[in-house]
Amino acid sequence: MTISSGVTHRLKNFELKRNQMLKIENLHATVGDTEILKGLSLTINAGEIHAIMGPNGAGKSTLAYALGGRPGYEVTAGSVTFTPLPLAGGAGGGQTSEEGPPLTPPASGRGTDLLSLDPHERAAAGIFLGFQYPVEIPGVSNLQFLRESLNSQRKARGEEALNGAEFIKLAKEKAALLKMDMDMLKRAVNVGFSGGEKKRNEMVQMGILDPKLAILDETDSGLDIDALRTVGSGINSIMRKPDKAVLLITHYQRLLEEVKPDFVHVLANGRIVKTGGPELALQLENEGYEAIAEAA
Ligand code: ADP
Ligand code: MG
């Protein structure tokens, strides 16, 4: 082995180690007294977009909530390890590749046991959950809410809070990305927003919080074609990066034309029953879930 091929080999090993951002193993979760997730396993590497499709009631939202730590969604078995990449030049230190992502591999065992964290700790660790049904918060303005959320996450990570001017600049930039009027950011969170406006608002929030892993639960539902395109390109520009990853839960192929997934999974009966590339989404649209879930 030459010296340079030895170096290449070691870099490949670095990559293998650093890439595994979310590892879900044999996850079982119950809602009420009913077991909904029945041994779900899924690994998402940094830089990847995974789509999960599946029939109504399959457990897609349950998966999102279990990962987010929503009360009432009890994990009874299995593990979830979250290993976000260290920030370049941050605590993990040092070396940066030409394309931007840090080459510093995570020290072995650096992954976090996600299930041991409270929901706000999961958020501070870099997980964002986009809700299928975003909640309204009367009396709290969007800007107030977003600034509080961002600064409490920054504080938890040992970063400095953004001041008012810095925050407004950031909010304006992200709102523009989602073609959202700044006036809407001054209104109470989601109150009186249309379904599509709520979804766009969630994406503005995502842009501001700048998570490592976004779990987006039917972000496309309720969007007209133009809004779908805006939201799709927003997701791409915020999350399509080597050190980030997305778990995109959707019923429809349409969003996947905007946000091209690297992998498509079918969730049925509480498990991933089939995995493929983007072509699987087309096949599902043509043949329906039943045929595919049954054949799996
Ligand atoms: P999906 O998002 O794939 O449509 P969900 O994860 O929302 O499916 O739901 C999975 C199953 O869990 C469904 O059968 C649903 O009725 C049930 N379920 C969801 N929430 C509750 C709840 N709070 N109490 C009882 N059953 C629930
Ligand atoms: Mg759902």
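Thresholds applied
Residues numbered from 1 in each chain as written. Chains lettered and ligands numbered in written order. Predicted model: local features only at pLDDT ≥ 70, side-chain atom pairs only at ≥ 80, totals over all residues. Helix = DSSP H or I, 4+ residues; strand = E, 2+ residues; numbered from the N terminus. Buried ≥ 20, exposed ≤ 12 C-beta atoms within 10 Å, placed from the backbone. Contact = placed C-beta atoms within 7 Å. Pairing = 2+ DSSP bridges. Axes fitted to C-alpha atoms, helices over the stretch in contact; angles between N-to-C directions. Core = buried A, V, L, I, M, F, W, Y, C linked by C-beta atoms within 7 Å. Near = placed C-beta within 6 Å. Nonpolar A, V, L, I, M, F, W, Y, C, P; charged D, E, K, R; others polar.

Participant: Before we move on, can you summarise the overall build of the protein chain with the specific residues and values?
Facilitator: What the protein chain contains, in helices and strands, is eleven helices and twelve strands. Looking at the 296 residues of the protein chain, the share that counts as buried comes to 38%. Within the protein chain, residue pairs in contact and separated by at least 24 positions form 72% of the contacts whose partners lie at least 6 positions apart.

Participant: Now, about the sheet that holds strand β6 (residues 127-130): what can you tell me, with residues and values included?
Facilitator: One open sheet holds the six strands; their spatial order is β6-β9-β10-β3-β11-β12, and the pairing between them is mixed. In this open sheet, the two strands that pair with only one neighbour each are β6 and β12 (271-276). The sheet shows a mean angle of 20° between the axes of neighbouring strands, taken without regard to direction. Pairing of strand β11 (residues 263-268) with β12, which is carried by five bridges, proceeds in the antiparallel orientation. Its bridge partner being in β12, V266 is matched across the sheet by K274. Relative to the sheet, helix α2 (residues 60-68) contacts β3 (49-53), β6, β9 (213-217), β10 (245-249) and β11, its axis offset from that of β9 by approximately 145°.

Participant: Which residues make up the nonpolar core, and what values do they have?
Facilitator: Membership of the largest hydrophobic core comes to 69 residues, with the highest contact counts inside it found for A66, A214, I215, V246 and L248. In contact with A214, not counting residues within four places along its chain, are F128, G130, M206, M239 and V246.

Participant: Give a description of the site of ligand 1 that names residues and reports values.
Facilitator: Neighbouring ligand 1 are V31, G32, T34, I36, G54, N56, G57, A58, G59, K60, S61 and T62. Of all the secondary structure elements, the ones that give two or more residues to the shell around ligand 1 are β2 (34-45) and α2. If one sorts the elements of the shell around ligand 1 by residue count, α2 sits on top with three residues. The residue makeup of the shell around ligand 1, split by class, is three nonpolar, eight polar and one charged.

Participant: Outline the sheet that holds strand β1 (residues 20-31), listing residues and values.
Facilitator: Within the open sheet, the four strands sit side by side as β2-β1-β4-β5. Their pairing is antiparallel. One side of each edge strand has no neighbouring strand; the edge strands of this open sheet are β2 and β5 (112-113). Pairing geometry for β1 and strand β4 (residues 73-82), over eight bridges, is antiparallel. Of the residues in β4, the one forming a bridge with E25 is S79.

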